[in-house]
Amino acid sequence: MTFNGFVLAGTHSGAGKTTITAGILAALKARGLVVQPYKTGPDYIDPAFHSFAVGRKSRNLDTWLMCEETVRYLFAKNLEGVDVAVVEGVMGLFDGFGGKEDIGSTAYLAKMLDLPVVLIVDGSGMARSAAAIVLGFSQFDKEVCIAGVIVNNMSSPQHYEILKEAIESGTDIPCLGYVLKDQQIQLTSRHLGLVPAGEIEDLADKLVQVGEMVAETVDIDRILAFSEKERPVRQSHSVEEHYGFYNGLRVGIALDASFNFYYWDNIELMASLGCECVFFSPMHDDVLPENLDFVYIGGGFPEVFGQELEGNETFKASLRAYQASGRPIYAECGGLMYLTEGIVDLEGNRHVMTGILPGETIMTKRLKQFGYNEVETESALTDVPLCFRTHEFHRSEYVGHGLQPNYKLYKNRGLHNEKQWQCGYRAKMAFGAYAHVHFYSEPKWLYFWLDKAKQIKETGYESI
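If you're wondering where the values come from, they're calculated on a predicted model, not measured in any experiment.

Quick look at the overall build of the chain
Part 1 of the argument: Broken down by element type, the chain carries 14 helices and 26 strands.
Part 2 of the argument: Here the C-alpha radius of gyration of the chain, 23 Å, is about what a compact globule of 464 residues would show, namely 23 Å.
Part 3 of the argument: Its C-alpha atoms give the chain principal-axis dimensions of roughly 70 × 50 × 50 Å.
Part 4 of the argument: The buried share of the chain, taken over its 464 residues, is 58%.
Part 5 of the argument: Expressed as a percentage of contacts within the chain between residues at least 6 apart in sequence, the contacts between residues at least 24 apart total 74%.
Part 6 of the argument: For the chain, the exposed surface amounts to about 19,200 Å²; the carbon and sulfur share of it is 48%.

Details of the state of the cysteines
Part 1 of the argument: Scanning all chains against the criterion turns up 0 disulfides.
Part 2 of the argument: The thiol sulfur of Cys-333 is not disulfide-bonded, and the nearest other cysteine sulfur, from Cys-423, lies at 9.0 Å.

As for the nonpolar core
Part 1 of the argument: Counting residues in hydrophobic clusters, the biggest one holds 148 residues, and the most contacted among them are Leu-93, Ile-297, Tyr-330, Tyr-407 and Trp-445.
Part 2 of the argument: Per-element accounting of this core gives the leading share, 7 residues, to helix H14 (residues 443-459).
Part 3 of the argument: When sequence neighbours within four positions are dropped, the list of residues in contact with Tyr-330 reads Phe-294, Val-295, Tyr-296, Ile-297, Tyr-407, Phe-431, Ala-435, Val-437, Phe-439, Trp-445 and Trp-449.

Concerning unusual backbone geometry
Part 1 of the argument: Phi angles above zero are rare outside glycine, and Asn-291 is one such case at about 60°.
Part 2 of the argument: By relative accessible area, Asn-291 is classed as exposed at 59%.

Here's the deal with the pattern of salt bridges
Oppositely charged side chains can pair when the atoms bearing their charge come close.
Part 1 of the argument: A full pass over the atoms with the stated rule returns 17 salt bridges.
Part 2 of the argument: The partner of Arg-59 in a salt bridge is Glu-268, and the shortest N-O contact between them spans 3.0 Å. With Arg-59 in strand E3 (residues 59-61) and Glu-268 in helix H9 (residues 264-272), the pair connects residues that are 209 residues apart, well separated along the chain.
Part 3 of the argument: Among the ionic pairs, Lys-457 bridges to Asp-293, the shortest N-O distance being 3.5 Å. Here Lys-457, found in helix H14, pairs with Asp-293, found in the loop between strand E13 (276-280) and strand E14 (294-297); they are 164 residues apart in sequence, far enough to count as distant.
Part 4 of the argument: You can call Lys-457 partly exposed: its relative accessible area is 46%.
Part 5 of the argument: Here the residues in one salt-bridge network are Arg-59, Lys-77, Asp-265 and Glu-268, joined through shared partners.

Section: helix H2 (residues 45-54)
Part 1 of the argument: Burial analysis of H2 places 8 of its 10 residues in the buried class, which makes it a mostly covered element.
Part 2 of the argument: Of all the residues in H2, the buried ones are Ile-45, Asp-46, Pro-47, Phe-49, His-50, Ser-51, Ala-53 and Val-54.
Part 3 of the argument: Taken from the residues just after H2, Gly-55 is the one with a positive phi, measuring 75°.

Brief notes about the packing of helix H1 (residues 17-30) against H2
Part 1 of the argument: Running from amino to carboxyl end, H1 crosses H2 at an angle of 20°, the nearest separation of the two axes being 8 Å. On the basis of the axis angle, H1 is roughly parallel to H2. Classified by chirality, the crossing of H2 by H1 is right-handed. Where H1 approaches H2, its residues Thr-18, Thr-21, Ala-22, Leu-25, Ala-26 and Lys-29 are matched on the opposing element by Asp-46, Phe-49, His-50, Ala-53 and Val-54.
Part 2 of the argument: Looking at the contact of H1 with H2, its residues break down into 6 nonpolar, 3 polar and 2 charged.

Rules used in this analysis
- Residues numbered from 1 in each chain as written.
- Predicted model: local features only at pLDDT ≥ 70, side-chain atom pairs only at ≥ 80, totals over all residues.
- Heavy atoms only, no water.
- Helix = DSSP H or I, 4+ residues; strand = E, 2+ residues; numbered from the N terminus.
- Rg over C-alpha atoms; globule rule 2.2 N^0.38 Å.
- Buried < 20%, exposed > 50% of the residue type's maximum accessible area, 1.4 Å probe, protein only.
- Contact = heavy atoms within 4.5 Å.
- Areas by Shrake-Rupley, 256 points an atom, 1.4 Å probe, with all protein chains shown as cover.
- Disulfide = S-S within 2.5 Å.
- Core = buried A, V, L, I, M, F, W, Y, C linked by side-chain atoms within 4.5 Å.
- Salt bridge = Lys/Arg side-chain N within 4 Å of Asp/Glu carboxyl O.
- Axes fitted to C-alpha atoms, helices over the stretch in contact; angles between N-to-C directions.
- Parallel < 35°, antiparallel > 145°, perpendicular 65-115°, else oblique.
- Left-handed = near helix turned anticlockwise from the far one by under 90°.
- Nonpolar A, V, L, I, M, F, W, Y, C, P; charged D, E, K, R; others polar.

Treat this as a map of the structure, not an account of what it does.
What follows is the structure, encoded as structure tokens:
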């Protein structure tokens with residue numbers, strides 16, 4: 001059996017990957033095809049646009065966070081019943097973890113999955129130089145199959161014809177179409193990237209617009225013609241040995257405009273392990289759902305919705321009561337911020353949060369941490385230290401009072417000085433850290449929390 005699969009990659013960040021990807025997804029869906037989107041790397045915001053465009057959850061494929069076996073497994077697992085797989089790249093095609101190796105890059109993933117690449121070139125203010133760019137990309141790593149080019153930000157169809165002639169006469173790579181410069185379809189940004197899909201009121205109309213535009217000026221038929229592939233055989237994975245082990249656990253997951261940064265494979269994994277996953281809103285719900293055994297609060301933008309979160313006193317009280325019972329709370333990045341006493345925004349306004357962790361989080365004008373890192377848990381938390389890879393991306397810092405960190409984090413990009421720092425704070429079994437974890441990076445980290453939840457559920461008491 002076959003399917004269609006291809007990668008949409010840019011020459012650099014800002015080349016127009018997300019807008020064009022959303023348009024192609026919408027155009028494919030309009031044809032009645034079942035489309036599965038994927039995102040290279042750790043980003044949360046772009047996949048939300050994918051999901052909105054096709055009505056299926058987009059999946060992250062990160063070749064640095066996860067091993068090759070796991071990336072292949074998740075690709076094939078989420079491909080079942082799908083006609084077309086579309087992978088959006090990250091940054092530029094060859095940008096990854098370091099300067100000398102391509103792990104973590106779009107190119108690395110394309111080679112791993114044996115998928116052709118459609119290169120997106122920002123052609124604004126350019127003519128024949130576009131051919132030099134495409135030629136350079138095609139020659140840099142000949143194991144990467146660049147099957148075609150889409151030129152973005154064209155001032156007119158005539159402008160595109162000039163670039164098309166230059167690229168096709170200077171390389172053996174065909175041009176597949178173009179997108180005109182149009183401010184009506186530009187997706188708005190804020191301090192950590194694009195504004196999330198759930199906050200854009202007219203997104204459905206924008207996606208229809210960009211889908212129709214892409215269908216008119218990009219040769220979708222030609223992309224489908226060269227991207228037909230044999231469907232990969234889904235292999236087994238070690239996590240499947242634990243399926244059903246946590247039957248009966250009820251997991252509450254924060255999901256609203258303030259908290260929505262989740263790898264959907266994390267949530268599906270918990271469900272496959274036997275957990276009943278229910279969603280709640282710290283902004284709008286009066287109290288936590290009843291009979292929860294584990295609470296998971298992901299990242300997001302609590303600083304943007306500080307006033308709403310502060311004002312929901314009854315919900316904060318219910319979360320404090322849950323934490324006082326000794327049941328586990330696991331919070332990442334924005335979730336950590338919510339567990340503290342307050343968030344201080346860039347204007348100096350302080351919004352009162354839950355106070356489960358002493359101290360507060362303070363917004364910073366620049367990124368405080370950004371990029372991949374490795375974590376080692378302290379034995380005081382997990383008895384036997386666990387090591388796994390994570391990603392951080394935040395513009396705030398936690399200023400705590402008296403809690404000992406439970407994470408040792410470090411990164412080394414081949415430089416002489418390895419960067420190290422600490423994070424991960426616990427009060428009873430409420431834990432918050434800035435690092436985002438894909439549970440397939442180290443499933444034992446998820447098992448640790450679910451084991452705690454199961455133990456407390458069964459005994460009704462834990463000595464902490």
